[in-house]
Amino acid sequence: MVLWLPIAAIVVVPYALLWTCVNRALARRSSLTPRGYRWISALATFLPATALIVYSP
């Protein structure tokens, strides 16, 4: 299990940094309130995984 931690860190950390940078750039250009933008971006992030869970056989 300890060996998975560095592998997960290599995958998750760059994704989180990229997601944060893109979100900040898009948030500045959006006409939504900050609270509304956070809700929509969280929904867009979790929607594919939720759809896979709901529609899995």
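Since we're looking at a predicted model, the values are computed, not measured.

Asks: Where do I start with the overall build of the protein in this structure?
Replies: Of the regular secondary structure elements, the protein holds two helices and zero strands. The C-alpha atoms of the protein give 15 Å as radius of gyration, which overshoots the globular expectation for 57 residues (10 Å, by more than 25%). Scored against the burial criterion, the 57 residues of the protein give a buried share of 5%. Carbon and sulfur atoms make up 77% of the accessible area of the protein, which totals about 5,500 Å².

Asks: What's the story with a nonpolar patch on the surface in this structure? I'm lost.
Replies: On the surface, a nonpolar cluster with roughly 750 Å² of combined accessible area is contributed by Met-1, Trp-4, Ile-7, Ile-10, Val-11 and Val-12. Its place among the elements puts Trp-4 in helix α1 (residues 4-29).

Asks: Before we go on, may I ask you to explain the packing of α1 against helix α2 (residues 34-54) in this structure?
Replies: Geometrically, a packed helix pair is captured by the angle between its two axes and the distance between the axes. One way to put it is that α1 packs onto α2 with a least axis distance of 12 Å and a crossing angle of 140°. When the axes of α1 and α2 are compared, the pair comes out oblique. Judged by the twist between their axes, the crossing of α1 over α2 is right-handed. Taken together, the residues of α2 that come into contact with α1 (itself represented by Tyr-15, Trp-19, Asn-23, Leu-26 and Ala-27) are Tyr-37, Ser-41 and Thr-45.

About the cut-offs
- Residues numbered from 1 in each chain as written.
- Predicted model: local features only at pLDDT ≥ 70, side-chain atom pairs only at ≥ 80, totals over all residues.
- Heavy atoms only, no water.
- Helix = DSSP H or I, 4+ residues; strand = E, 2+ residues; numbered from the N terminus.
- Rg over C-alpha atoms; globule rule 2.2 N^0.38 Å.
- Buried < 20%, exposed > 50% of the residue type's maximum accessible area, 1.4 Å probe, protein only.
- Areas by Shrake-Rupley, 256 points an atom, 1.4 Å probe, with all protein chains shown as cover.
- Patch = residues over 30% accessible without salt bridge, like charges linked within 9 Å, V, L, I, M, F, W, Y side chains within 5 Å.
- Salt bridge = Lys/Arg side-chain N within 4 Å of Asp/Glu carboxyl O.
- Axes fitted to C-alpha atoms, helices over the stretch in contact; angles between N-to-C directions.
- Parallel < 35°, antiparallel > 145°, perpendicular 65-115°, else oblique.
- Left-handed = near helix turned anticlockwise from the far one by under 90°.
- Contact = heavy atoms within 4.5 Å.

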